[in-house]
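# Examining the three-dimensional arrangement
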Amino acid sequence: ELERSLKEKGNTETLKAITDLVLEPGQITYTRQQSPLGLGHAVWCARDAVGDEPFAVMLPDELMGDSRLLNQMADLCKSSSGSVVGLLQVPPAEVSAYGVITPVGDRSADGVVRIGGMVEKPAQHEAPSDLIIIGRYVLTPDVFGILEHLPPGRGGEIQLTDALQVQAAAGVF
Ligand code: G1P
């Protein structure tokens, strides 16, 4: 629509800038979270748009240079049939601002580790590790059923981390 409108206006310079982006035709759909009840609730609001297949959650306050990590996570979700969460090792003083995971076993050569559990924004002295959840997830759709019955967690919000803890306890990671 934008391209057609620019063509009609004769705005060739902007039109060229846009067509140079070589965007593939696609579809975008959006849903609104009517009340700020937490990240878990926001994800739950997308359940009908997602349907019954694995899906990515990308929090825009974490910027990635490219899509390599997400591609690796999607491949891992496919091969393991479990949810996958992007992690980062941070100085211990920073963990309390994030979800923090309990690693199980050693990290593989390509940086993958099994997750035994996770907790949302623990105090530094209670944190299970220094591995924090960054804003990238590839999740299996059973998480929607978990979110539906989840009580509010930290900050009185429906926490995605709490739903993923339920998956981790069931061995889904
Ligand atoms: C959310 C998640 C948290 C995660 C963080 C990453 O927290 O709840 O587990 O570590 O994003 O940015 P928020 O930053 O929305 O408080």
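Structure: see above.
Residues numbered from 1 in each chain as written. Predicted model: local features only at pLDDT ≥ 70, side-chain atom pairs only at ≥ 80, totals over all residues. Heavy atoms only, no water.

Looking only at helices and strands, the protein has seven helices and five strands in total. For the protein, the sequential pattern of α-helices and β-strands runs α-α-α-α-β-α-β-β-β-β-α-α. Its C-alpha atoms put the protein at 60 × 40 × 35 Å along the principal axes. Counting across all 173 residues of the protein, residues that qualify as buried make up 32%. (Helix = DSSP H or I, 4+ residues; strand = E, 2+ residues; numbered from the N terminus. Buried < 20%, exposed > 50% of the residue type's maximum accessible area, 1.4 Å probe, protein only.)

Nonpolar side chains in soluble globular proteins tend to be buried together. Core analysis: the largest hydrophobic core is formed by 22 residues, its most contacted members being Tyr137, Leu139, Leu147 and Leu164. Mapped onto this core, the elements with two or more residues apiece are β1 (55–58), β4 (114–120), β5 (131–139), α6 (142–148) and α7 (160–169). Not counting residues up to four positions away in its chain, the partners in contact with tyrosine 137 are Leu39, Phe55, Ala56, Val57, Leu59, Met73, Val84, Val85, Leu160 and Leu164. (Core = buried A, V, L, I, M, F, W, Y, C linked by side-chain atoms within 4.5 Å. Contact = heavy atoms within 4.5 Å.)

Right, let's talk about α7 for a bit. Three or more residues of α7 are buried, namely Leu160, Thr161, Ala163, Leu164, Gln167 and Ala168. The buried side chains of α7 occupy one side of the element, clustering within an arc of 160° when seen end-on. Buried positions along α7 lie against α3 (39–44), β2 (84–89), β3 (99–104), β4, β5 and α6. Just downstream of α7 lies glycine 171, where phi reads positive at about 80°. (Arc of directions from axis to C-beta.)

In this structure the tally under the stated criterion is three salt bridges. Here aspartate 20 and lysine 16 are joined by a salt bridge, their closest N and O atoms 2.7 Å apart. (Salt bridge = Lys/Arg side-chain N within 4 Å of Asp/Glu carboxyl O.)

This part covers the site of the ligand. Around the ligand, the structure places Leu39, Leu59, Glu62, Tyr98, Gly99, Glu120, Lys121, Ile133, Gly135, Tyr137, Gln159 and Thr161. In this structure, an oxygen atom belonging to the ligand sits 2.7 Å away from a side-chain N or O atom of glutamate 120. Lysine 121 is positioned with one of its side-chain polar atoms (N or O) 2.6 Å from an oxygen atom of the ligand. The fraction of the free accessible surface of the ligand (380 Å²) that becomes covered by protein chains is 78%. For the shell around the ligand, the element with the highest residue contribution is β5, accounting for three residues. (Near = heavy atom within 4 Å. Polar contact = N/O pair within 3.5 Å; in protein donor to acceptor, adjacent residues only side chain to side chain. Areas by Shrake-Rupley, 256 points an atom, 1.4 Å probe, with all protein chains shown as cover.)

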